[in-house]
Amino acid sequence: MSTEIIVNATREETRVALLENGQVTELYIDRKKDTSIVGNVYKGKVVKVLPGMQSAFVDIGLEKAAFLFVSDVTNNLDEYVHLMEEESQQKLEGTLTDSFPPFSIEDLLQEGQDVVVQVSKEPIGTKGARVTSYITLPGRYLVYMPGVEHIGVSRKIADDKERERLRNIISKIKRPNAGYIVRTVSEGRNEEDFKVDMEFLELLWGNIQKKRERISAPALLHSDLDLLFKTIRDLFSQDVKRLIIDNKEEYRRAIDFANTYLPSLATKIELYEREEPIFDAYGIEIEISRALGRKVWLKSGGYIVIEQTEALTAIDVNTGRYVGKRDFDETILKTNLEAVKEIAYQLRLRNIGGIIIIDFIDMEREEDRKKVYVALQEALSNDKAKSSIFQISELGLIEMTRKRVRDSLGRILCEPCPYCDGRGHIKSLTTVCYEIFREIRRSTKMRGKNIFVTVNPSVADLLYDEERQEIEDIEKESGVKIIVKADNNIHQEQFDIAV
């Protein structure tokens, strides 16, 4: 499989697309004014303990208090170890966040108490961030878990001998009271590679602890890497053909970072210098637009409809224009099997998580249901997000869950629609502004001319206010004069650019 990473970097946002055999499979967006906080470590203060929910709210300095569940609490465990038998203690020491401690939230936390926590899930919708006091610091080859006696190996390393070799190396060189998970990219690596990673991660943890002693809660102790560096750390490997960046400054940063931590991969980083915008050249803009639509057409003429709600995502499969060439059952089966591939692709591209209900076209034959179920399992096998799938029901429904760590693509790029009282979504003001900037940059024939941009008044307000600096920068770079005109008759998503 040919894999490429395409990076579009501007002052206002960085967009990263993962291409597998030329098809966009994953998309990451980091806007400078709305940077992800997953992985950040905070010194927080417990503001409320909820015994009925076995959880607590923690002030970490954000707009909304973070949510800390009892199974994510490690503080003060040493005070309770003597109450546990040796077998239970060993089980606890290997626990991360999936098991419940054998005591209640009131035993572990009190209001006003300081705690060190790490964000495990972004604030989504009306919910605050979810945090855990099991700190994990990812490096290139290892994930460091201070205070946890645990050694794990990525499940994607399938060879048993290699898994045992890696486990033995970590057991030999690790310090007491420290846990590590060996990442997938570690396959074939030697002891020296792991030692360098360990030294870096332990130094990082030491700096976090020193900062914790100096400052008062709530406060940020550690920020995770930005999107570009995180992409190089987590996605860039020997299996990737190349990483292409369209920004010279970001290209230099990527080269410096790779030379320091991944010198063998630095030669695979390329600077994109063609006039055509990089996401246009690779067909990514079209895929983004397609991923924001409710209806997705299948090659056969069938289609799927994707509806995201606060509680769950519903996906409906329809035959559409497809009538088949054989019997009715074969037509239904073929449509459902084609829909399976598209659904798995759209879930990954749109980063849809939580509860998902798929309504396949009703199938009379039991063997057809099994084929569709197995096909869905296989289609999701390459998805990095963990999913659980339940057997297809008599009504043709499949219930499944997909792990949700960050907002979906639709939530990032869109906002509730004011034209329909929030029942749907339209592109946000910021998204429209950035599309205008890209459209202006896209033309090389406007130098020395006045450019008239006609937009909805709400977009005009943002262009005059928060995005004024960006307009001035584009004017300097392109040698043009941008004149913004507001028009009440223009929809928020629409704009007109004229010379």
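Everything here concerns the structure above.
First things first, this report covers the structure right here in the doc.

Thresholds, definitions, all that
Residues numbered from 1 in each chain as written. Predicted model: local features only at pLDDT ≥ 70, side-chain atom pairs only at ≥ 80, totals over all residues. Heavy atoms only, no water. Helix = DSSP H or I, 4+ residues; strand = E, 2+ residues; numbered from the N terminus. Rg over C-alpha atoms; globule rule 2.2 N^0.38 Å. Buried < 20%, exposed > 50% of the residue type's maximum accessible area, 1.4 Å probe, protein only. Pairing = 2+ DSSP bridges. Axes fitted to C-alpha atoms, helices over the stretch in contact; angles between N-to-C directions. Parallel < 35°, antiparallel > 145°, perpendicular 65-115°, else oblique. Contact = heavy atoms within 4.5 Å. Core = buried A, V, L, I, M, F, W, Y, C linked by side-chain atoms within 4.5 Å. Polar contact = N/O pair within 3.5 Å; in protein donor to acceptor, adjacent residues only side chain to side chain. Expected span 1.5 Å × (residues − 1). Phe/Tyr/Trp six-rings, centres within 6.5 Å; stacked < 30°, edge-to-face > 60°. 1 Å grid on protein atoms, 1.4 Å probe; cavity = no way out; pocket = protein on both sides within 12 Å on 5 of 7 lines; lining within 4 Å. Points joined across faces, edges and corners; volume = space filled by probe spheres on them. Nonpolar A, V, L, I, M, F, W, Y, C, P; charged D, E, K, R; others polar.

### Overview of the overall build of the protein chain
Inference 1: When helices and strands are counted, the protein chain shows 14 helices and 26 strands.
Inference 2: For 499 residues, the compact-globule formula gives about 23 Å, and the C-alpha radius of gyration of the protein chain, at 25 Å, lands near that figure.
Inference 3: For the protein chain, the C-alpha atoms occupy an extent of roughly 75 × 65 × 50 Å along the three principal directions.
Inference 4: Residues counted as buried form 48% of the 499 residues belonging to the protein chain.

### Some thoughts on the sheet that holds strand β19 (residues 354-359)
Hydrogen bonds between backbone atoms are what pair the strands of a sheet, whose relative direction is either parallel or antiparallel.
Inference 1: Pairing is mixed across the open sheet formed by six strands, whose spatial order is β16-β17-β18-β19-β21-β20. Single-partner strands in this sheet number two, and they are β16 (295-297) and β20 (387-389). Taking the axes of each pair of neighbouring strands and ignoring which way they run, one obtains an average angle of 20° across the sheet.
Inference 2: The sheet contact formed by β20 and strand β21 (residues 397-402) spans three bridges and is antiparallel. Among the inter-strand pairings, Ile389 is bridged to a residue of β21, identified as Met400.

### Describing the packing of helix α12 (residues 429-442) against helix α13 (residues 457-464)
For any two helices packed against each other, one specifies the inter-axial angle together with the distance between the axes.
Inference 1: One way to put it is that α12 packs onto α13 with a least axis distance of 10 Å and a crossing angle of 70°. By the angle between their directions, the pair α12 and α13 is classed as roughly perpendicular. Of the residues in α13, those in contact with Leu429, Thr430, Val432, Cys433, Ile436 and Phe437 of α12 are Ser458, Val459, Leu462 and Leu463.

### Comments concerning the nonpolar core
Inference 1: Grouped together as the largest cluster of nonpolar side chains are 47 residues, with contacts concentrated most on Ile5, Leu137, Leu142 and Phe194.
Inference 2: Tallying contributions element by element places helix α4 (residues 191-214) first for this core, with six residues.
Inference 3: Excluding residues within four positions of it along the chain, Phe194 makes contact with Tyr141, Leu142, Leu166, Ile169, Ile170, Ile173, Val182, Ser186 and Arg189.

### Notes on the side chain of Lys174
Inference 1: Mapping Lys174 onto the fold places it in the loop between α3 (160-173) and β12 (178-182).
Inference 2: Reaching out from Lys174, the side chain makes a polar contact with the backbone oxygen of Ala178 at a distance of 2.8 Å.
Inference 3: Those residues in contact with Lys174 that lie beyond four places of it in its chain are Glu149, Ile151, Tyr180 and Met198.

### Structural notes on helix α10 (residues 366-379)
Inference 1: Given a rise of 1.5 Å per residue, 14 residues ought to cover 20 Å, and the 20 Å separating the end C-alpha atoms of α10 matches this to within 8%.
Inference 2: On its buried face, α10 sits against α9 (328-350), β19, β20 and β21.

### Let's talk about the packing of aromatic side chains
Inference 1: Counted under the stated rule, the structure contains six aromatic pairs.
Inference 2: Ring centres of Phe57 and Phe67 lie 5.9 Å apart, and the angle between their planes is 65°; on these two criteria the pair is classed as edge-to-face. In this pair, Phe57 is assigned in strand β5 (residues 55-59) and Phe67 in strand β6 (residues 66-69), connecting sequence segments 10 residues apart.
Inference 3: Residue classification places Phe57 among the partly exposed positions, given a relative accessible area of 29%.

### Brief notes about empty space enclosed by the protein
Inference 1: Under the criterion given, the structure shown has two cavities of 30 Å³ or more.
Inference 2: Put simply, the largest cavity is a space of about 40 Å³.
Inference 3: Surrounding the largest cavity, Gln308, Thr309, Glu310, Ala311, Leu312, Thr313, Gly353, Arg404 and Arg411 form its lining.
Inference 4: Of the residues contributing to the lining of the largest cavity, the split by class is two nonpolar, four polar and three charged.
Inference 5: Estimated volume of the second largest cavity: approximately 30 Å³.

### Describing the side chain of Asn351
Inference 1: Of note, Asn351 is situated in the loop between α9 and β19.
Inference 2: Engagement of the side chain of Asn351 in a polar contact is seen with the side chain of Arg402, the distance being 3.3 Å.
Inference 3: Apart from residues lying up to four places away in sequence, Asn351 is in contact with Gln346, Arg402, Arg406, Asp407 and Ser408.

### Quick word on the sheet that holds strand β14 (residues 240-245)
Inference 1: One open sheet holds the five strands; their spatial order is β3-β2-β1-β14-β15, and the pairing between them is mixed. Both edges of this open sheet fall to β3 (23-31) and β15 (269-271), since each of them pairs with a single strand only. Mean inter-strand twist for the sheet, computed between neighbouring axes without regard to direction, equals 20°.
Inference 2: Bridging between strand β1 (residues 3-9) and strand β2 (residues 13-20) involves seven bridges; their strand directions are antiparallel. For Ala9, the partnering residue across the bridge sits in β2 and is Thr14.

By themselves, these figures tell us nothing about what the structure is for.
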